[in-house]
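# Coordinate inspection notes
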Amino acid sequence: SSGINAEYGGNNNGHFTMSKPGGVSVYTEKELLAVCDRGNKRITVWDRLGTPLHIIPLPQHPDCCSYAGYGILVVGTSEGEVLFVDLDCRQHVFTWTNKQLKYPGFITGVAVDNRQNVYICDPKNHRVIKVYR
């Protein structure tokens, strides 16, 4: 049957209350859900049943994310940069910036293939760009 089986966030989760959640991605090996908590500039991590586990603060507002494997979450930001977040170490580890993104503030999607190439939606320039690993 269908229906709500778990809830992530909500207004009564104390420190884990989210503000403007955006993208979500599943850390498949550990059955965890990573959520872009845009309004709080952080990633919140939850177990599969909706229990909050930890928070990873970020230097920018996360808009979208994609799990890359090996514990790495790739996060697109409203500032036009891509952040790499280590979910196991619970920290932001690297920032990718490209001057070809003429209008920062609009990364609307990120994806990672099995070779660890990153694809970035750049709607202001009407394209998707591929960043080689």
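Note that the structure is predicted; figures quoted are calculated from it, not measured.

### A short note on the sheet that holds strand β1 (residues 21–27)
- Taken in spatial order, the four strands line up as β1-β2-β3-β4 in an open sheet, and their pairing is antiparallel. If you trace the sheet from one side to the other, it starts and ends with β1 and β4 (52–57), each paired once. Along the sheet, successive strands turn relative to each other by an average axial angle of 20 degrees, direction set aside.
- Pairing analysis gives six bridges linking strand β2 (residues 32–37) to strand β3 (residues 42–47), with the strands arranged antiparallel.

### A few points about the packing of aromatic side chains
- Taken as a whole and judged by the stated rule, the model has three aromatic pairs.
- Relative to W46, the ring of F16 lies with its centre 5.7 Å away and its plane at 65 degrees, an arrangement referred to as edge-to-face. Pair noted here: F16 is in the segment before β1 and W46 is in strand β3, with a separation of 30 residues, a long-range link.
- A residue is classified by how much of its surface remains accessible, and F16, at 15% relative accessible area, is buried.
- A centroid spacing of 5.6 Å and a plane angle of 55 degrees characterise the contact between F84 and F94, whose relative ring orientation is tilted. One end of the pair, F84, is in strand β7 (residues 82–86); the other, F94, is in strand β8 (residues 91–96), and 10 residues separate them in sequence.
- For F94, a relative accessible area of 47% puts it in the partly exposed group.

### Digging into the sheet that holds strand β5 (residues 62–69)
- Ordered in space as β5-β6-β7-β8, the four strands form an open sheet in which the pairing is antiparallel. Strand pairing shows two members of the sheet lacking a second neighbour, β5 and β8, which therefore form its edges. Direction aside, the axes of adjacent strands within the sheet are offset by 25 degrees on average.
- Here six bridges tie β5 to strand β6 (residues 72–77), and the two strands are oriented antiparallel to one another. Across the sheet, the residue bridging to P62 is T77, located in β6.

### Here's the deal with the environment of D63
- Along the chain, D63 falls in strand β5.
- For D63, a relative accessible area of 22% corresponds to the partly exposed category.
- Taking C-alpha positions, D63 is 6.2 Å from C36, a pair spaced 27 residues apart along the chain.
- Those residues within four positions of D63 in sequence are excluded, and the remaining contacts are G22, G23, C36, R38, G76, T77, S78 and I107.
- Polar side-chain contacts of D63 include one of 2.5 Å to the side chain of R38.

Thresholds, definitions, all that
- Residues numbered from 1 in each chain as written.
- Predicted model: local features only at pLDDT ≥ 70, side-chain atom pairs only at ≥ 80, totals over all residues.
- Heavy atoms only, no water.
- Pairing = 2+ DSSP bridges.
- Helix = DSSP H or I, 4+ residues; strand = E, 2+ residues; numbered from the N terminus.
- Axes fitted to C-alpha atoms, helices over the stretch in contact; angles between N-to-C directions.
- Phe/Tyr/Trp six-rings, centres within 6.5 Å; stacked < 30°, edge-to-face > 60°.
- Buried < 20%, exposed > 50% of the residue type's maximum accessible area, 1.4 Å probe, protein only.
- Contact = heavy atoms within 4.5 Å.
- Polar contact = N/O pair within 3.5 Å; in protein donor to acceptor, adjacent residues only side chain to side chain.

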